[in-house]
Each structure stands twice: as structure tokens, then as C-alpha cells.
Amino acid sequence: MESPVTKRVPWSRLRAWIDEHEAEERQNGRPTTLTRTQLEALSRLVPFDQKEPDVSGGDFISLLLHLIQARRLPLPSFVDEAVLVPIDGHMMPKFRCVCSVAEYGSFPCLGLGVEEGWEAPVFQNKKDAKQYAAKYALQYLQQKICTPTAAKNGKKRATSTRPSPAPTPPNPPLRQQQGVSGSPCRSGGNSHSSSSRPNTGAAHDDDEGDLIIRKASECSVRMGFGTLEFVVEPDAELDMFFHARPVFSHGALVPAHVGLVTGVLGKKEARVQVAGKVLLWLEGQKKERATTFAHLFQGP
């Protein structure tokens, strides 16, 4: 332990130094530039970082992804940022994370995880930072699209705008959840969608999922890509979530990105979403082939 030293501190000069840098921050609208030595010295006197928030209340990432899939919203993106924070005379690495959901914003933000006059909190590990960002994205989306009032209004609109029943087609279409006009939740398409337009963004019933997989497999064989199989791997960070991709027995000409899905809740749902994407791609290939043949045999 260091022995105390009696020495008069030039308080007036210290206050002048503080006033100078505060004025610089107000004028430029950003933190003043200090050397590493200055920051480390100041951190021995005052704490630079906030108390690390508690994120032990649940798996907010899984809850967010579940809500995203259930409501058929755009998948969120997570961006990690490494930050050096002066603590007790040393620069310590910490992390913050930003979760962005298209059309809804980025989180945390002012009023949602960020206090007035502070930056977003930093954490000792990336996982906690990611959970914190997901927590406030989830909170915002729940308030925005899942409140009882919104659900009640949406139900009324759905009742008043429901179209007349259409005749049952020869082959039953793949069911899609019908969106409500004016609802903050995105519509997934028409209520009577053709079976050639599978729903690849929402959870599927077992019968519907099996139908999508069967159609994709049959189409793959007919078009010469061979049998269709699926590789499903667990997400490294999220329990019960999976990444998946298709494997064709004759897939040398299939682009590597076709059918890839990430962050899907459940193995079966991952296979279904892969099959849906594959089916859409195969239909596109079928149209291209038809166009090519038409041009080849078109007369002069």
C-alpha cells in the first residue's frame, strides 16, 4: 500500500484543465481526445464505465428470434464492438453490441437500455453484450406489435376485411398466415397462395412442412439435380436453434448459397425452410430453362 504524500494540489489549474476539455466537448459534440496516459491516470480517480447491467433474467436472444419467426419479421443482425475502457489505471477490453431489426431500428438506444448522457453499456464478454442488445430489441417489438390493444384492433380489422371464400383448388395450397392491413406485423402474402410459392419465413405445421420437403425433393429429381438431403447443425451460441443447408446428389452446378438458413428454431423447421428456399430456386431454374428452349426453337 502506498504511503500518503502531503502535497498541495494546484486545484485551480486542474479545474481550468477540466473546464477547457468540457468546453471542447460541448463545441465539437463528441468526447475530447486524451492520451492513453491521461485516461489511465483519470481512471484511478473516477470510474469511467457504468455498472455492468444484469442480463441473467432469461435467454433474450432465443426469445427475440422466436418472436421474429412467429411474426415473420426480418431477421435481426448483431454487430459486436470491442472497446478499451480505462479502469483503475489500466486499459481493459470490453464489448458492446448493437441489434438491428429492419424497419424497427437498432438497440439498445436512448430510453431503451441507454441512459441520457451515457453511451451503451459495455460488458466483459460478448455474449452478455449480445443478450443486452437482444433484450431491448425484444422489449421494443413486444410493445410495438404484441400489446393487447394492437392485437384487439388487428382482430377487428381482420374480421371486417376478410375476403369471401374462394373455391377449393384441386391441389391444396401451402397455408400462409394472412397479414392484416395496417398491422405493424408484416404480411406473408395472400391467403390463397399457390403451392409453388411456399412460405419460407414462418413456422410451419407438420403436414405443411412435410409437403414442402416432398415437393422440393421431387422437383430436384425431375430437374436432374438428384436426391435432396439436408445438413442441420446446432447454433454455437443459441440452444434449440440451428443452421441448415441442402445437399444434392448431383449438385455440382448448384450455387453454394442456395437454401442456406441460419438461426432457425427447431431442426424440423430448419429443414422445411431450406426446402422452401430450394423449391423457389428450382422453380426459377425451370422458368429459365423454358425461356432458353423457347429461344432455341423459335423460328427466324
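Reading the values: rules and limits
Residues numbered from 1 in each chain as written. Predicted model: local features only at pLDDT ≥ 70, side-chain atom pairs only at ≥ 80, totals over all residues. Heavy atoms only, no water. Helix = DSSP H or I, 4+ residues; strand = E, 2+ residues; numbered from the N terminus. Buried < 20%, exposed > 50% of the residue type's maximum accessible area, 1.4 Å probe, protein only. Polar contact = N/O pair within 3.5 Å; in protein donor to acceptor, adjacent residues only side chain to side chain. Contact = heavy atoms within 4.5 Å. Phe/Tyr/Trp six-rings, centres within 6.5 Å; stacked < 30°, edge-to-face > 60°. Lys NZ or Arg CZ within 6 Å of the ring centre and 35° of its normal. Pairing = 2+ DSSP bridges. Axes fitted to C-alpha atoms, helices over the stretch in contact; angles between N-to-C directions. 1 Å grid on protein atoms, 1.4 Å probe; cavity = no way out; pocket = protein on both sides within 12 Å on 5 of 7 lines; lining within 4 Å. Points joined across faces, edges and corners; volume = space filled by probe spheres on them. Nonpolar A, V, L, I, M, F, W, Y, C, P; charged D, E, K, R; others polar.

- The protein chain goes by DRBM domain-containing protein in an unreviewed UniProt entry, where it is assigned to Ophiocordyceps unilateralis.

**Thoughts on the side chain of Ser62**
- Looking at the element boundaries, Ser62 is found in helix H3 (residues 60–71).
- A residue is classified by how much of its surface remains accessible, and Ser62, at 13% relative accessible area, is buried.
- Of note is the side chain of Ser62, whose polar atom sits 2.7 Å from the side chain of Asp59.
- Non-local contacts of Ser62, meaning those with residues more than four positions away in its chain, are made with Leu238, Asp239 and Phe241.

**A closer look at the packing of aromatic side chains**
- Enumeration according to the criterion identifies 5 aromatic pairs in this entry.
- Here the aromatic rings of Tyr132 and Tyr136 are separated by 5.0 Å at their centres, their planes lie at 65°, and the arrangement is edge-to-face. Of this pair, Tyr132 and Tyr136 both sit in helix H4 (residues 126–145), 4 residues apart, which is roughly one turn of that helix. Here Tyr132 matches Tyr136 in class, with each residue buried.
- Within the aromatic cluster, the residues linked to one another by ring pairs are Phe123, Tyr132 and Tyr136.
- The side chain of Lys130 reaches across the aromatic face of Phe78, ending 4.9 Å from its centre.

**Points about the environment of Asp235**
- Relative to the helices and strands, Asp235 is located in the loop between strand S6 (228–234) and strand S7 (241–248).
- Sequence-wise, Asp235 and Leu265 are 30 residues apart; in three dimensions their C-alpha atoms are separated by 9.7 Å.

**Comments concerning the sheet that holds strand S8 (residues 261–265)**
- Spatial strand order, S6-S7-S8: 3 strands in an open sheet with antiparallel pairing. Strands with a single pairing partner mark the edges of an open sheet, and in this sheet they are S6 and S8. Taking each pair of neighbouring strands and ignoring which way they run, the sheet shows an average axis angle of 35°.
- Two elements, S7 and S8, share 3 bridges in a ladder whose sense is antiparallel. Note on S8: the bridge partner recorded for Ala244 is Val261.
- Against the sheet, H3 engages S7 and S8, with an angle of about 95° to S8.

**Observations regarding the layout of surface pockets**
- Counted as a void, the largest pocket has a volume near 1100 Å³.
- What lines the largest pocket is a set of 32 residues, among which Glu25, Pro31, Leu39, Phe48 and Glu119 lie closest to the centre.
- Residue assignment for the lining of the largest pocket shows that the elements contributing at least two residues are helix H1 (11–28), helix H2 (36–43), strand S1 (77–87) and strand S2 (90–101).
- Counted by class, the lining of the largest pocket contains 19 nonpolar, 4 polar and 9 charged residues.

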